[in-house]
Amino acid sequence: MFNETSFMRTQNVLEMGLNNAIVRRKVLADNIANVDVPHFKRSEVTFEANLKRAIASEETAYKEQLPTQVSDERHIHFSKPLNYKEVKSKINIDYLTTMRADGNNVDVEKEMVTAARNQMAYSIMISRLNQNYRDLHMVMRSV
């Protein structure tokens, strides 16, 4: 009952965002640590676009004009929504670019800016999560 509320959906998305921020921090630290290694290729994390696509697919599934009638599990749905809970961080290695003559493609300034942005996003998500728990505690105390 409580698991299907928008509050729990927000909590789930915040938790997923925090997990993604941790993965991104590890990848950025690896990129920065290997800035002077010849032929090292930087990695990047994709998560937000996949989460946005999954949430949008769920919203359009509810508005679907032509529902599929499935009488067998082998039937194919016209549109099957993605489950936002199944979205994971994906690490991609950038093989296409080169920053220096030795084949390394790490731009330390870009990585530092991305790390700072990641830290700010992490702090904001922690603040929102804490506020949600305070609100929940206040509601439970008043009941």
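Just above sits the structure.
Caption draft 1: Broad picture of the nonpolar core. Core analysis: the largest hydrophobic core is formed by 6 residues, namely Met16, Phe47, Leu51, Ala54, Tyr84 and Val87. Sequence-distant contacts of Met16, that is, excluding residues within four places in its chain, are made with Phe47, Leu51, Tyr84, Lys85 and Val87. Counting residues in each nonpolar core, the second largest holds 5 residues, with Leu18, Ala21, Met125 and Leu129 among its members.

Caption draft 2: How the structure looks around the packing of aromatic side chains. Evaluated as defined, the whole model comprises 0 aromatic pairs. Here the basic side chain of Arg9 rests over the ring of Tyr84, its NZ or CZ set 4.9 Å away from the ring centre. In this structure, Arg25 is placed above the aromatic ring of Tyr122, and the distance from its NZ or CZ to the ring centre is 5.8 Å.

Caption draft 3: Up close: the pattern of salt bridges. A full pass over the atoms with the stated rule returns 6 salt bridges. A salt bridge links Arg24 to Glu48; its shortest N-O distance comes to 3.0 Å. Residue Arg24 is found in helix H1 (residues 6–33), and its partner Glu48 is found in helix H2 (residues 48–62); the two are separated by 24 residues along the sequence. Relative accessible area serves as the criterion here: at 13%, Arg24 is assigned to the buried category. A salt bridge links Glu111 to Arg42; the nearest nitrogen and oxygen atoms lie 2.6 Å apart. Of this pair, Glu111 sits in helix H3 (residues 108–142) while Arg42 sits in the loop between H1 and strand E1 (43–46), and the two are 69 residues apart along the sequence. Arg42 matches Glu111 in its accessibility class, with the two residues each being buried. Taken together, the shared-partner salt bridges connect Arg42, Glu44 and Glu111 into one network.

Definitions and limits used
- Residues numbered from 1 in each chain as written.
- Predicted model: local features only at pLDDT ≥ 70, side-chain atom pairs only at ≥ 80, totals over all residues.
- Heavy atoms only, no water.
- Core = buried A, V, L, I, M, F, W, Y, C linked by side-chain atoms within 4.5 Å.
- Buried < 20%, exposed > 50% of the residue type's maximum accessible area, 1.4 Å probe, protein only.
- Contact = heavy atoms within 4.5 Å.
- Phe/Tyr/Trp six-rings, centres within 6.5 Å; stacked < 30°, edge-to-face > 60°.
- Lys NZ or Arg CZ within 6 Å of the ring centre and 35° of its normal.
- Salt bridge = Lys/Arg side-chain N within 4 Å of Asp/Glu carboxyl O.
- Helix = DSSP H or I, 4+ residues; strand = E, 2+ residues; numbered from the N terminus.

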